[in-house]
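# Breakdown of the fold
Letter by letter, the chains look like this.
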Amino acid sequence: MGIDHVAINVQNIAQSVDWYVNTLEASVDYQDETWAMLRVGESKIALALKGHHPPHIAIKVSNFSKSDTIREHRDGSKYVYKSDPDGNIVELISYI
C-alpha cells in the first residue's frame, strides 16, 4: 500500500496542465478535455473538471474486499471510492 496520487478539481484542464508543467516541471502521463494525470518527481497529481471525478487521495492496493463494487478507469486500472468518517473521498486503486 502507498499513496498513488492526489486528485484535485480545476476549471480548465489545459490551463492547469500548462501551469503544473511550467511551474513544477511536471510531465503529462495522460490528458483529455476533462482529466489529466501528471507526474511531479515521484508523485502523481490528477486534475479533473468538477463533476467528472471527486477530489480525493488514491491509495495503491494489490486487492479489494469481496464486498467492494469494483469499477474500471479508462486506463484499465480498477478502483473503489470510499468515504472516511469526515466525508473525504479515498480511492483504492489497483493496476493489476
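Anyway, here's the lowdown on the structure attached to this text. (Residues numbered from 1 in each chain as written. Predicted model: local features only at pLDDT ≥ 70, side-chain atom pairs only at ≥ 80, totals over all residues. Heavy atoms only, no water.)

## Structural notes on the pairing of strand β4 (residues 43–49)
With five of seven residues buried, β4 lies mostly within the body of the structure. Across five bridges, the pairing between strand β1 (residues 2–10) and β4 is parallel. Residue pairing in the sheet places A7 in a bridge with A46 of β4. Note: strand β3 (residues 35–40) against β4, six bridges, orientation antiparallel. (Buried < 20%, exposed > 50% of the residue type's maximum accessible area, 1.4 Å probe, protein only. Helix = DSSP H or I, 4+ residues; strand = E, 2+ residues; numbered from the N terminus. Pairing = 2+ DSSP bridges.)

## Things to note about the nonpolar core
Counting residues in each nonpolar core, the largest one holds nine residues, listed as V10, I13, V17, Y20, A26, A36, L38, I45 and L47. Among the elements that make up this core, the one with the highest residue count is helix α1 (residues 13–24) (three residues). Aside from chain neighbours lying at most four places away, what touches L38 is V17, Y20, A26, S27, V28, S43, K44, I45 and L47. (Core = buried A, V, L, I, M, F, W, Y, C linked by side-chain atoms within 4.5 Å. Contact = heavy atoms within 4.5 Å.)

## Description of the pattern of salt bridges
Think of it this way: side chains of opposite charge can pair up when their charged atoms draw near. In this structure the tally under the stated criterion is five salt bridges. Residues R74 and D32 are paired through a salt bridge, measuring 2.4 Å at the closest nitrogen-oxygen approach. Of the two residues, R74 sits in the loop between β6 (71–72) and β7 (78–83) while D32 sits in the loop between β2 (27–31) and β3, which places them 42 residues apart along the sequence. Since its relative accessible area comes to 49%, R74 is described here as partly exposed. (Salt bridge = Lys/Arg side-chain N within 4 Å of Asp/Glu carboxyl O.)

## As for the environment of H53
Mapped onto the elements, H53 comes out in the loop between β4 and β5 (56–60). Take H53: its relative accessible area is 14%, and that puts it in the buried class. Expressed as a C-alpha distance, the spacing of H53 and T34, which sit 19 residues apart in the sequence, is 9.1 Å. Discounting residues that sit within four places of it in the chain, H53 has contacts with N9, W35, A48, H73, R74 and Y81. Of the polar contacts made by the side chain of H53, one reaches the side chain of Y81; its length is 3.3 Å. (Polar contact = N/O pair within 3.5 Å; in protein donor to acceptor, adjacent residues only side chain to side chain.)

## Considerations on unusual backbone geometry
The backbone phi angle of E25 is positive, close to 55 degrees, even though this residue is not glycine. The topology assignment puts E25 in the loop between α1 and β2.

## Things to note about the packing of aromatic side chains
As enumerated under the stated definition, the model contains three aromatic pairs in all. Between the aromatic rings of Y30 and W35, the centroid separation amounts to 5.0 Å while the plane-to-plane angle is 45 degrees, which identifies the pairing as tilted. The exposure class assigned to Y30 is partly exposed, which follows from its relative accessible area of 33%. (Phe/Tyr/Trp six-rings, centres within 6.5 Å; stacked < 30°, edge-to-face > 60°.)

## Points about a nonpolar patch on the surface
On the surface, a cluster of nonpolar side chains totalling about 240 Å² of accessible area is made up of I3, V6 and I57. Within the secondary structure layout, V6 lies in strand β1. (Patch = residues over 30% accessible without salt bridge, like charges linked within 9 Å, V, L, I, M, F, W, Y side chains within 5 Å. Areas by Shrake-Rupley, 256 points an atom, 1.4 Å probe, with all protein chains shown as cover.)

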